[in-house]
Amino acid sequence: MAGVQNYLAFVARPWRRHLIQIALGPGALLVVVFPRKVFMLRDDSNREELAGRYQDGGSDRRWIAVLVFAVGIAATIAVWRAIRTHEHSEMHWATKLAAEAIRTDLITDMEWQVLGLDRLAMLWEAADPAQELWTRNAELYIQHRTGCVAVEWLTPGGERRVVVMADGEMSTRPLAFDGMPKALIEAVTKSKAAMISTPEAVSDGSRQWAIAYPVYARGQSRGFIVTFFDVEQSLDYILNDVRPLDFSFAVLQSNQQEYLLPGTNRKHEHEWGTVVDVRLPGTTWQLRVWPNADVVNEIRSRLPEVTLAVGSVLSLLLALTLYFGTGAALASARMRLVNEALQREISTREGAQEELRRAHAELEMRIERRTAELAASNALLQKEVTEHQRAVASLGELTGRLFQLQDEERRRLARELHDGAVQNLVALAMNVGMIRDTVPAEDISTKALVNECGRLIEESTSELRTISYLLHPPYFDELGLSATLRDYVEGFASRSGMQVTLDIDPKLGRLGHEVELAIYRVVQEALSNVHRHAQCRTATITLTRQAEFVLLQIADTGRGIPPEILAPNSRLAGVGIAGMRERIRLLGGRLEIQSSSSGTRIQAVLPLTTSDLFVRKTVSSDAAAADAGSSVSAA
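Draft legend 1. Representation of the packing of aromatic side chains within the structure. Evaluated as defined, the whole model comprises 6 aromatic pairs. Plain terms: the ring middles of Trp 209 and Phe 229 are 5.9 Å apart, the flat faces sit at 25° to each other, and that makes the pair stacked. Of this pair, Trp 209 sits in strand β5 (residues 207-217) while Phe 229 is found in strand β6 (residues 220-230), placing the two residues 20 residues apart along the sequence. For Trp 209, a relative accessible area of 0% gives the class buried. Between Tyr 488 and Tyr 520, the ring centres sit 5.6 Å apart and the planes meet at 65°, which makes this aromatic pair edge-to-face. Of the two residues, Tyr 488 sits in helix α13 (residues 476-496) while Tyr 520 sits in helix α14 (residues 513-534), which places them 32 residues apart along the sequence. Site record: aromatic cluster; members linked through ring pairs are Trp 124, Trp 134 and Trp 153. We note Arg 145 situated over the ring of Trp 112; from NZ or CZ to the ring centre the distance is 4.1 Å.

Structure (structure tokens):
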């Protein structure tokens, strides 16, 4: 693409057009002046020999014209292939990015379903729960998970004890595996971990999958919890929030299609389809993603075809111009020889000057005509380039929307963890405290067990609050970037054991929401990379504010990043580095990474002006206020 832009800039500048005229001028003068030299020869034998050479030059000029045409066509095809290759790479990159977003959403929701079974399994920590208590918890699990058909309680021997159906009562609704996935139970017993089965056809025409979860209490098996999910209903609910991506997708297992997005158009599946693996407990799904017609039309353009057509026409015109121009020059030379023989007494100098003036005028007319044609072609190419740039801008908007959806999903998950799981654990801790008060003082073993349960609940509550904070700080919008960064750095240092120095400019103040969120995510990703890969115990963060921009620097003394990962357009770079670059680029800034064996320094420069930012905040202030209010009430 850069080659096409350079070419358009070349032909659009007037001084370059004059440079072409200056380059053509000596050649035209040579064609006119060289025959003029013939008239100056007084010896008849030499004059006839020179005339014979001009007459034999027809085959040479044909080969030259063919060679020029071939070179022009080859250059045109090279530019055409470069543009097509660039468009293909953009399409594959957008499809891969959408596939990663859909896969992440699918894995997160499936892990959430398994996490619910872990909460059900906690009922067995003290003793086997009463059937009524277990039934109420199972019904609560079904209500919060769309598509769940039934929950079974199996004994350690695999015998069915209690079945809770989606309607809350015992029912004869058919279940996959005839309600007893024996092979899945055997696999769970062997691995002692939750596993997901392959989808199975049911007698009513639907398809279901099962999740089996082993129950252990004090090292002893208490049985199993098995849940059954309707494939269509569950995946419709799980994947509903990724439909705005304007991509079509299908879920497969062992090359068999299990789910297809409703209303899918499979026109571009074969050409642009991308398949990624979705690794789940006990099984692996394949996710096939391809763009819809709107995405393809936004990225693709008519520029390659126009380039091929215009380049071919220009090559042909250049070859014809060269061929006929050379022929005209040869014919003019022969005419001058005949005229000199017939009019020997006429002044040779005056005749040659007149011929030169006519040839020069003709050349000027041809140059003006070719310049007009070239200007028209240039205008058409410029229009196509503008359309292509508009398509690239649309792709940037799609990338910004993906980041926004990711941040919104983190906010939602953090709020659900804080308002749901954490509050339930707090209530459970209160219940355990009440139980502790009712245990007699002489029952030391029971009191120790209750205290251990209370300790585990406190640790789980602390871990869930930490996860919720890492996903999205609850008071980010109210406290601002400075306070949030200090709180995050302190928590990171205590969790990782690293020594992190944070230096924030006292005059920083509040920045735009997009700028503050981008800086926070870059710091979060950079510290995570230092902890996992740098093999060092210290890091330094500096945040300063200048007149027109904000400067963020993150430095460590680790082993550095390999050069092949930092190379432009490297496929070895992870999603973290690419995500940091894209976030800063969408805000009109730049990200620089300098790394060596003595450490790595990441520098991000973000402009303070927000009127011309590429990414716009689409979440309204009312929604942000509502989120902040719910977080405060939950805390």
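Still more ground to cover, so stick around.
Draft legend 2. Spotlight on helix α6 (residues 182-191). Of all the positions in α6, only Leu 184, Ile 185 and Val 188 are classed as buried. Along the axis of α6, the buried residues cluster in a sector spanning 100°; they form a single face. In α6, the exposed positions angled more than 90 degrees off the buried face are occupied by Lys 182, Ala 183, Glu 186 and Lys 190. Each element contacted by the buried residues of α6 is listed here: β1 (148-154), β3 (195-196), β5 and β6.

Draft legend 3. View of the sheet that holds strand β8 (residues 256-260). If you trace the 4 strands from one edge of the open sheet to the other, you get β8-β7-β10-β9, paired in antiparallel fashion. Edge strands, defined here as strands with exactly one partner in the open sheet, are β8 and β9 (274-280). Between one strand and the next, the sheet's axes are offset by a mean angle of 30°, whatever the strand orientation. Across 4 bridges, the pairing between strand β7 (residues 247-253) and β8 is antiparallel. Each bridged residue has a counterpart across the sheet, and for Gln 253 the counterpart in β8 is Gln 256.

Draft legend 4. Molecular detail of the nonpolar core. With 51 residues, the main nonpolar core has Val 151, Trp 209, Ile 225, Leu 235, Leu 239, Phe 249 and Trp 285 as its most contacted residues. The greatest single-element share of this core, amounting to 11 residues, is contributed by helix α4 (residues 58-121). Counting residues in each nonpolar core, the second largest holds 36 residues, with Leu 485, Phe 492, Met 498 and Leu 587 among its members.

Draft legend 5. Region of the structure containing unusual backbone geometry. Of note in this structure, Lys 192 is not a glycine but carries a positive phi near 55°. Take Lys 192: it is sitting in the loop between α6 and β3. Judged by relative accessible area, Lys 192 falls into the exposed class, the value being 58%.

Draft legend 6. Geometry of the pairing of strand β13 (residues 549-556). Sheet analysis places strand β12 (residues 538-545) next to β13, joined by 7 bridges and oriented antiparallel. Residue Leu 543 lies in a different strand from β13, and its bridge partner there is Leu 552. Hairpin connection from β12 to β13: 3 residues lie between these consecutive antiparallel strands. Relative to strand β15 (residues 599-607), β13 is paired through 8 bridges, and the arrangement is antiparallel. If you follow Gln 553 over to β15, its bridge partner there is Gln 603.

Draft legend 7. The sheet that holds strand β11 (residues 499-504), seen in detail. The sheet built from 5 strands is open, its strands ordered β11-β12-β13-β15-β14 with mixed pairing. Strand pairing shows two members of the sheet lacking a second neighbour, β11 and β14 (590-596), which therefore form its edges. The mean angle between the axes of side-by-side strands here comes to 10°, regardless of whether they run parallel or antiparallel. With 7 bridges joining them, β14 and β15 adopt antiparallel strand pairing. Paired with Ser 596 across the two strands is Gly 599, which belongs to β15.

Draft legend 8. Quick look at the confidence of the model for the protein chain. Summarising the model, the protein chain shows a mean pLDDT of 75, and 77% of its residues fall at 70 or more. Here helix α1 (residues 2-12) stands out as the least confident element of the protein chain, with mean pLDDT 34; β12 is the most confident, with 90. Long-range and interchain partners of residues 1-47, a stretch whose pLDDT sits below 50, account for 63 contacts in this model, where long-range means more than four residues apart. Overall, residues 610-635 carries pLDDT values under 50, and its contacts beyond four positions in sequence, including any with other chains, amount to 33 contacts.

Draft legend 9. Representation of the environment of Pro 262 within the structure. Residue placement: Pro 262 occurs in the loop between β8 and α8 (269-272). Once the C-alpha coordinates of Pro 262 and Phe 249 are considered, the two residues, 13 residues apart in sequence, prove to be 9.5 Å apart.

Draft legend 10. Quick look at the pattern of salt bridges. Under the defined criterion, the tally for this structure stands at 13 salt bridges. Among the salt bridges present, the one from Glu 354 reaches Arg 358, with a minimum N-O distance of 4.0 Å. Taken as a pair, Glu 354 and Arg 358 lie in helix α11 (residues 348-438) at a separation of 4 residues, close to a single helical turn. By relative accessible area, Glu 354 is classed as partly exposed at 34%. In this structure, Arg 590 and Glu 592 form a salt bridge, with 3.4 Å as the shortest nitrogen-oxygen distance. Judged by relative accessible area, Arg 590 falls into the partly exposed class, the value being 47%.

Draft legend 11. The arrangement of the pairing of β6 in detail. Counting buried positions along β6 yields 8 of 11 residues, so the element is predominantly enclosed. Pairing geometry for β5 and β6, over 10 bridges, is antiparallel. Across the sheet, the residue bridging to Ala 210 is Phe 228, located in β6.

Draft legend 12. Region of interest: the environment of Thr 85. By secondary structure assignment, the location of Thr 85 is in helix α4. Taking the C-alpha atoms as reference, Thr 85 lies 10.0 Å from Pro 304; in sequence the two are 219 residues apart.

Draft legend 13. Main features of a nonpolar patch on the surface. A surface patch of nonpolar side chains, about 360 Å² in accessible area, is lined by Phe 69, Leu 316, Leu 320 and Phe 324. In terms of residue count, helix α10 (residues 303-342) provides more of the nonpolar patch than any other element does, 3 residues in total. Assignment of secondary structure puts Leu 320 in helix α10. Taking the relative accessible area as the measure of exposure, Leu 320 reaches 37% and is therefore partly exposed.

Criteria and cut-off values
- Residues numbered from 1 in each chain as written.
- Predicted model: local features only at pLDDT ≥ 70, side-chain atom pairs only at ≥ 80, totals over all residues.
- Heavy atoms only, no water.
- Phe/Tyr/Trp six-rings, centres within 6.5 Å; stacked < 30°, edge-to-face > 60°.
- Helix = DSSP H or I, 4+ residues; strand = E, 2+ residues; numbered from the N terminus.
- Buried < 20%, exposed > 50% of the residue type's maximum accessible area, 1.4 Å probe, protein only.
- Lys NZ or Arg CZ within 6 Å of the ring centre and 35° of its normal.
- Arc of directions from axis to C-beta.
- Contact = heavy atoms within 4.5 Å.
- Pairing = 2+ DSSP bridges.
- Axes fitted to C-alpha atoms, helices over the stretch in contact; angles between N-to-C directions.
- Core = buried A, V, L, I, M, F, W, Y, C linked by side-chain atoms within 4.5 Å.
- pLDDT = per-residue confidence, 0-100.
- Salt bridge = Lys/Arg side-chain N within 4 Å of Asp/Glu carboxyl O.
- Patch = residues over 30% accessible without salt bridge, like charges linked within 9 Å, V, L, I, M, F, W, Y side chains within 5 Å.
- Areas by Shrake-Rupley, 256 points an atom, 1.4 Å probe, with all protein chains shown as cover.

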